[in-house]
Every structure is written in C-alpha cells, then in structure tokens.
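Chain by chain, the residues:
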Amino acid sequence: MTGDRSGDRSRTTGDKTGAAVRLELPAHLRTLAQVEGEVCLRIDGPVTLTSVLNALEQLYPMLQGTIRDHATRQRRPFLRFFACEEDLSHDSPDAPLPDAVATGKEPLLVIGAIAGG
Amino acid sequence: MSEVRVLVGTRKGAFILSSDGRREKWDVSGPHFAGWEMYHLKGSPADPNRIYASQSSGWFGQLIQRSDDGGKTWNPVGNKFPYEGVPGTHQWYDGTPHPWEFKRVWHLEPSLTDPDTVYAGIEDAALFRSSDGGASWQEISGLRGHGSGPRWQPGAGGMCLHSILLDPGDPQRIFIAISAAGAFRTDDGGATWKPINQGLRSQYIPDPAAEVGHCVHHIAMHPSRPSVLFMQKHWDVMRSDNAGESWHEISGNLPTDFGFAIDVHAHEPDTLYVVPIKSDSEHFPPEGKLRVYRSRSGGNEWEPLTKGLPQSNCYVNVLRDAMAVDQLDQCGVYFGTTGGQVYASANAGDSWTPIVHDLPAVLSVEVQTLP
C-alpha cells in the first residue's frame with residue numbers, strides 16, 4: 001500500500017502498481033487527519049473494506065479506533081459505508097468492493113449516522 | 001504577576017480561559033475540537049505547558065490529545081485502552097452480568113512529578129497509566145482484579161472511574177472513585193487495592209452499608225493533608241480522617257446533601273466547597289437558586305455563597321469535575337454549569353462573576369496557576 005498525503009487528493013488517479021481507491025471521510029475525521037477533500041489510497045491485492053481501512057489507518061494513524069473498534073475491528077455502530085448508491089455497512093468486511101470503487105470511478109463514503117447531538 | 005489558565009471541557013468542544021492574577025479580564029480561546037465531547041482537560045503539575053485532553057464522540061469513539069505549548073497546538077496521542085486479560089463482567093442496571101466494555105475516558109490525572117506519566121479513569125471503570133506522554137496505555141489491573149469487580153454497577157451516567165487523587169507525600173498511594181462502586185485505595189503503586197467505603201450508607205443497594213456499590217460522585221483532598229478526604233456521594237457529604245479507612249457524614253446544615261462537585265481551598269485545608277443539587281431526579285439547585293456552600297470548619301457548618309450567582313429561575317447542574325481552585329494568595333474558585341456558564345471567584349467564594357455565559361454544557365473545569 002502506498003498513499004498520497006500531499007496536494008489535492010480529490011482527483012488522484014491510480015497507478016499501475018495497484019488500485020486507487022477514493023475515500024470520503026466525515027468532516028470531523030478530515031479535521032483530525034488534517035486532510036481536505038477525498039483521500040486517495042492505493043491498494044495492492046483485493047480491494048475490500050478491510051484492505052481499504054487498513055491502508056487508511058496506516059497512512060493516518062490518528063484515525064485508528066475512530067472508524068473500527070480497536071479491539072473487535074468492527075465498524076463503529078454510528079458509522080456506515082456507502083458506495084455506488086448502496087449501503088455496504090453490513091457486507092462482509094472481506095468481500096470485494098464494487099469495481100467502480102476499486103478502480104476509483106466512485107468513492108467509498110464513510111458516513112456518520114443521523115443520530116442527533 | 002502570576003496568571004491563571006482555566007481549562008474547560010464541554011459537550012461540544014474545549015475552551016481555555018486566561019487571565020492575569022487579578023482575574024478580572026479574561027481571554028477566551030476555543031472552541032478547540034469543536035463538536036466533540038471534551039470530558040476532561042488537565043495540565044501537568046511538573047510542566048504546565050503539557051496538557052492532556054479527553055476527546056470523544058458517539059460516532060468516532062475516544063481520542064486523547066496532548067499539548068506541549070499550553071494549549072496553543074494539540075496532537076492526538078494513543079487512544080487504545082485494552083483491558084488486561086479477559087475483562088469479565090460487572091453488574092448491569094438490572095443486576096445481570098454485563099461484559100466490561102471500553103466507552104470513554106472520564107478523567108486524566110497527570111503525575112505530580114513526571115510530565116510523561118498520566119493516569120486515565122475510564123468507563124467501564126478501570127484505571128490506566130501512560131508513561132510515554134499518552135502514546136500508549138496500560139491497565140493497572142489490580143483494581144478490577146481485586147475481587148469485587150463483578151459486583152460493581154453503573155450509575156445513571158455510566159460505570160465510570162471519575163476521580164483520581166495522587167498522594168503528594170507517598171507516590172505509592174492513589175485514591176480513586178467509581179460510580180457506582182465506591183472509593184478504593186492502593187498503597188503499593190496500584191498492584192493491590194482495597195475498597196475504602198466503611199461508613200457510607202446508600203439506600204439504593206440491598207445492604208446499605210455494603211463494602212462496594214456506593215455511588216460516589218467525587219472525592220477531594222488538600223495536598224498538605226492527604227489522609228483527610230472529602231466526598232460528595234449520590235446523597236451525603238462525607239469526610240475521612242484516616243485515608244478512607246472510615247467515613248463520617250458532614251452534610252450538617254446543607255439544604256440538600258445531593259450534589260456532584262466538591263473541592264478544597266488551596267491554602268485552608270478545612271475550607272470546602274460544594275454545590276447542593278435538589279435531588280437525584282431533579283438535577284438543579286433547590287429553589288432555583290444557584291448557591292455554592294462553603295464550610296470553614298471541615299464540614300457540618302456551611303454558609304451559602306450567593307453574591308453574583310443567579311438567585312431565581314436557575315435550573316442548571318454542576319457536574320462532578322466542573323469545580324476547581326487556583327493557587328493564588330487569595331484563592332480563586334471556579335465552576336462550570338450545564339447551562340454553559342463558567343463562574344469565577346477571586347476571593348475564595350465571597351463573590352462571583354461569570355467569565356463566559358453561553359458555552360455548551362460544561363463537563364469539566366480545571367485551573368492552572370502559572371508563574
């Protein structure tokens with residue numbers, strides 16, 4: 001996995017060594033990670049929720065524990081994963097993500113549930 | 001001239017209020033971490049530029065932030081709080097066993113001597129320590145492991161370890177308190193613990209004088225006299241003169257002895273402050289009058305302090321970590337309310353002025369006295 005922590009990530013494309021996945025974080029996590037716009041992650045191997053989040057947390061260690069619980073590695077209950085107008089939150093984290101996400105055509109969205117507050 | 005820095009944690013961010021020693025004009029910095037619940041911020045006594053902050057969210061979990069420049073800039077540090085071994089169970093509200101689950105950090109207590117050492121009191125109740133400036137955390141597992149853990153139960157706010165008192169005369173001695181388990185003490189740096197709840201009586205548990213199960217809201221001490229402890233319990237204000245071995249009630253003439261906050265004057269070990277709250281179901285001051293009560297006799301005789309505080313239609317609460325004192329010659333006293341006011345007294349409580357009126361609900365107030 002390699003990533004891009006500099007410059008405008010909003011339209012970064014993949015290279016030939018692996019898929020480029022576009023990830024859109026909630027505003028609070030963008031602030032925490034000090035990023036603007038989308039995050040671009042290059043994934044070697046299967047593109048799954050697990051591999052994408054592993055890559056994200058490696059590039060932005062401050063996000064560890066904020067999307068997945070440290071101990072259980074489960075999605076935090078008030079977060080959802082959307083892509084291609086589908087809710088992927090309850091899919092296996094090791095299932096392949098849609099081709100449009102794996103190729104960077106569509107972003108993977110991490111969404112905070114509407115829960116008041 | 002000395003300065004004071006008031007660290008305020010709220011439901012939607014942190015604020016830093018600064019003034020010179022006169023404590024008349026204040027600079028307000030914030031919100032820091034806007035939108036996040038800031039349960040507690042506290043500065044290191046050994047290095048006042050080092051501040052630790054507990055940042056949490058129902059969506060994103062727990063973070064710990066650290067500042068090395070007095071709160072101007074912050075960096076996230078370690079946020080992993082793994083229980084040691086198999087966590088086991090405690091009691092749930094209905095008395096059934098419930099697995100121990102990490103929820104949040106309620107209180108951060110920096111070491112008295114080492115800026116890189118800090119203790120964290122968490123929910124579900126456990127004590128953690130970091131020796132590397134918050135980068136990593138290890139449970140002091142002797143507390144949960146001492147035997148009564150399966151009988152601990154959550155208070156209405158959760159099963160939180162909210163009070164940590166470090167004995168300035170004995171680095172091996174630590175006092176902690178848990179809602180609703182009670183107070184505990186270690187004399188060997190955390191290896192072993194004992195419940196120190198003899199004398200407490202709580203009608204909401206089957207045995208009102210049980211060894212554990214008491215909903216202690218806060219404990220306080222004066223550093224010059226660390227074996228004298230003061231406690232605001234769910235009901236009852238209590239005092240121990242023997243490091244918690246036994247407690248006696250000092251509620252005296254208080255209008256109600258329910259409340260959350262309790263603190264001790266910086267220079268008068270027998271001068272105490274509490275904020276009476278009407279009841280456990282009506283978390284606001286009696287008669288709509290916000291009154292701090294001060295005892296100058298170590299308890300039992302209390303006087304209301306009202307000058308500058310609203311004396312009608314006031315229905316805010318003052319939470320357990322939302323009162324603090326400074327170290328200036330004329331002791332300053334500070335408290336925050338769930339209505340977003342932070343009140344300050346530069347004359348030991350004789351009169352009060354609001355530093356800020358309209359913050360989010362205040363969860364915690366700490367004060368740093370700077371040279």
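Check the entry above for the structure.
Now for a description of the structure that goes with this document. Keep in mind it's a predicted model, so treat the numbers as computed, not measured.

## Quick look at the overall build of chain B
Helix and strand content of chain B: zero helices and 30 strands. Here the C-alpha atoms of chain B give a radius of gyration of 19 Å, agreeing with the 21 Å that 2.2 N^0.38 yields for 371 residues. With respect to the three principal axes, the spread of C-alpha positions in chain B is 50 × 45 × 40 Å. Looking at the 371 residues of chain B, the share that counts as buried comes to 53%. By sequence separation, contacts in chain B at least 24 residues apart represent 49% of the contacts at least 6 residues apart.

## Things to note about the sheet that holds strand 2 (residues 13–20) of chain B
All names here are of chain B. Pairing is antiparallel across the open sheet formed by four strands, whose spatial order is 3-2-1-30. Strands with a single pairing partner mark the edges of an open sheet, and in this sheet they are strand 3 (27–32) and strand 30 (362–370). For this sheet, the mean angle separating the axes of adjacent strands, direction not counted, is 15 degrees. Both strand 1 (residues 3–10) and strand 30 contribute to a ladder of eight bridges, which runs antiparallel. Counted as the bridge partner of Val8 is Val365 from strand 30.

## A word on the sheet that holds strand 19 (residues 229–233) of chain B
Pairing is antiparallel across the open sheet formed by four strands, whose spatial order is 18-19-20-21 (chain B). For this open sheet the edge positions go to strand 18 (216–221) and strand 21 (248–249) of chain B, each flanked by a neighbour on one side alone.

## As for the interface of chain A and chain B
Across the contact, 14 residues belong to chain A and 11 residues belong to chain B. Here the element with the most residues in the side of chain A that touches chain B is helix 1 (residues 27–33) of chain A; it accounts for three residues. A breakdown of the residues in the side of chain A that touches chain B according to their chemical character gives seven nonpolar, six polar and one charged.

## Quick notes on the pairing of strand 2 of chain B
Residues and elements named next belong to chain B. Bridge analysis of strand 1 against strand 2 gives eight bridges, and the strand direction is antiparallel. Along strand 2, the bridge assignment pairs Leu7 with Ile16. As consecutive antiparallel partners, strand 1 and strand 2 are separated by two residues. Examined bridge by bridge, strand 2 and strand 3 share four bridges and lie antiparallel to one another. In the sheet register, Ala14 faces strand 3, and the bridge partner there is His32. The hairpin formed by strand 2 and strand 3 contains six residues between the paired strands, and Arg23 there has a positive phi angle of roughly 60 degrees.

## What to know about unusual backbone geometry
Residues and elements named next belong to chain B. Cis geometry is adopted by the peptide bond preceding Pro31, which originates at Gly30 and carries an omega value of 0 degrees. Note on placement: Pro31 falls in strand 3. Across the junction of Ser179 and Ala180, the peptide omega takes the value -5 degrees, indicating a cis bond. For Ala180, the location among the structural elements is in the loop between strand 15 (174–179) and strand 16 (182–186). One non-glycine residue, Ala243, lies in positive phi territory at about 60 degrees.

## Let's talk about the environment of Ser251(B)
Residues and elements named next belong to chain B. Along the polypeptide, Ser251 turns up in the loop between strand 21 and strand 22 (262–264). Judged by local crowding, Ser251 falls into the buried class, with 21 C-beta atoms found within 10 Å. Put simply, Ser251 and Val237 are 14 residues apart on the chain and 5.0 Å apart in space, counted from C-alpha to C-alpha. When neighbours within four sequence positions are excluded, Ser251 is seen to be in contact with Asp236, Val237 and Asp257.

Scoring rules and cut-offs
- Residues numbered from 1 in each chain as written.
- Chains lettered and ligands numbered in written order.
- Predicted model: local features only at pLDDT ≥ 70, side-chain atom pairs only at ≥ 80, totals over all residues.
- Helix = DSSP H or I, 4+ residues; strand = E, 2+ residues; numbered from the N terminus.
- Rg over C-alpha atoms; globule rule 2.2 N^0.38 Å.
- Buried ≥ 20, exposed ≤ 12 C-beta atoms within 10 Å, placed from the backbone.
- Contact = placed C-beta atoms within 7 Å.
- Pairing = 2+ DSSP bridges.
- Axes fitted to C-alpha atoms, helices over the stretch in contact; angles between N-to-C directions.
- Nonpolar A, V, L, I, M, F, W, Y, C, P; charged D, E, K, R; others polar.

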